[in-house]
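Residue-level structural notes
The chain contents come next:
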Amino acid sequence: MSRVLNGNYPVAATTRERVLRAVDELDYVLNGPASALAAATSDLVGILVNDIADPFFGIMASAIQSEIGGRAAVRGRTAGGGVQHGGSPERELTYLTLLQRQRAAAVVLTGGAMENAPHAAAVAAKLRKLGEAGTRVVLCGRPPAPDTGAFALTFDNRGGGRELTEHLIGLGHRRLGYIAGPEERTTTRHRLEGHREALATHGIAEDPRWTVHGRYDRRSGYEATLELLRRDPSLTAVVAANDSVAMGACAALRESGRRIPDDVSVAGFDDLPFSVDAVPSLTTVRLPLSEAGARAGRIAMGREEPPPGGIATVRGS
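For the structure given in this document, a descriptive report is provided here. (Residues numbered from 1 in each chain as written. Predicted model: local features only at pLDDT ≥ 70, side-chain atom pairs only at ≥ 80, totals over all residues. Heavy atoms only, no water.)

So, about the packing of aromatic side chains. One pass over the structure, following the stated rule, counts two aromatic pairs. On the numbers, 5.2 Å between centres and 75 degrees between planes, the contact of Phe56 with Phe57 is edge-to-face. For the pair shown, Phe56 and Phe57 are each scored as buried. Note on Phe56 and Phe155: the rings are 6.3 Å apart at their centroids and 75 degrees apart in plane angle, and the pair reads as edge-to-face. Separated by 99 residues along the polypeptide, Phe56 in helix H4 (residues 55-68) and Phe155 in strand E5 (residues 151-155) bring together distant segments of the chain. The burial state of Phe56 is the same as that of Phe155; both residues are buried. An aromatic cluster of at least three residues, connected via ring pairs, comprises Phe56, Phe57 and Phe155. The positively charged end of Arg191 is found above the aromatic ring belonging to Phe269, 3.8 Å away from the centroid. (Phe/Tyr/Trp six-rings, centres within 6.5 Å; stacked < 30°, edge-to-face > 60°. Buried < 20%, exposed > 50% of the residue type's maximum accessible area, 1.4 Å probe, protein only. Helix = DSSP H or I, 4+ residues; strand = E, 2+ residues; numbered from the N terminus. Lys NZ or Arg CZ within 6 Å of the ring centre and 35° of its normal.)

Following this line, the structure appears as structure tokens:
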């Protein structure tokens, strides 16, 4: 049981599932006097992130922690003080179970949710249990989780994706390649939907060859751009899933002899700090990551009222 709940050792998926089910059924408490922990929440605040090395998550996590201050002992292995699950559905559920067992005062989940239906249902059930135990749950940059009691600060990824593509269409582009993120992420789906809405609005028929999925990192952007050029060398613009992907796209275009933006325009998403140093400057959608993280931290600590209805959309620019 300890190997599953501590998350330090490789454990077979079937074994992990059996242990977590037993933990729920037995209402197991990991540490401390069980009677005291069962009676009230602790001072523990958990921050779950996908990858603390990714500026998207690092900026939000840092802002959340700044608002939490010294009141809470935040458990985790990363320098940012949160818990990083690497996009693994199993590890996300493991850490949520751990926080539930420790009667965390608050839990903040950052980034897009997994599209996998069984996992989404399992996470929703876990969030519901956390709320019923008195834990304040805040989703930051993540879609709402209906009927769980969790508060949600969401980004308008669909609207941002639409506006970004409309900007490029306004510049005269009609052949636009799109580098999407992992197919199983809600963020990926929403940004791609916005892109496709813009194409449809302007009567541009989407060619299946123009979309490639990959990771949210520079290497993926580089490889995906080479693939796009192989599929259709006549593309005049590349829309990237985020700024890291856009940097990789720019490198691939330069190595392929394309001038930016004379031959091919490149656009990113998130307006991460390093994008300001791109040459030529990178067109990108700014998401208020720090502001959203700070607000999530205040809500988690009870220092700010939750948004009406428990959901607020934080718009980019």
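Text resumes after the structure shown.
On to empty space enclosed by the protein. For the structure on display, the rule yields one cavity of 30 Å³ or more. Residue lining of the largest cavity: Gly161, Leu164, Thr165, Tyr178, Arg191, Val239, Ala240, Ala241 and Phe269, and that is the complete set. Breaking the lining of the largest cavity down by element, the ones donating at least two residues are helix H7 (157-170) and strand E8 (237-240). (1 Å grid on protein atoms, 1.4 Å probe; cavity = no way out; pocket = protein on both sides within 12 Å on 5 of 7 lines; lining within 4 Å. Points joined across faces, edges and corners; volume = space filled by probe spheres on them.)

Right, let's talk about the pairing of strand E6 (residues 176-180) for a bit. Of all the five residues making up E6, five are buried; the element is thus mostly covered by neighbouring parts of the structure. Residues Leu176, Tyr178 and Ala180 point to one face of E6 and Gly177 and Ile179 to the other, with burial holding for every one of them. In this structure, E6 lies alongside E8, joined through four bridges in parallel fashion. Bridge pairing in E8 links Gly177 to Val238. (Pairing = 2+ DSSP bridges.)

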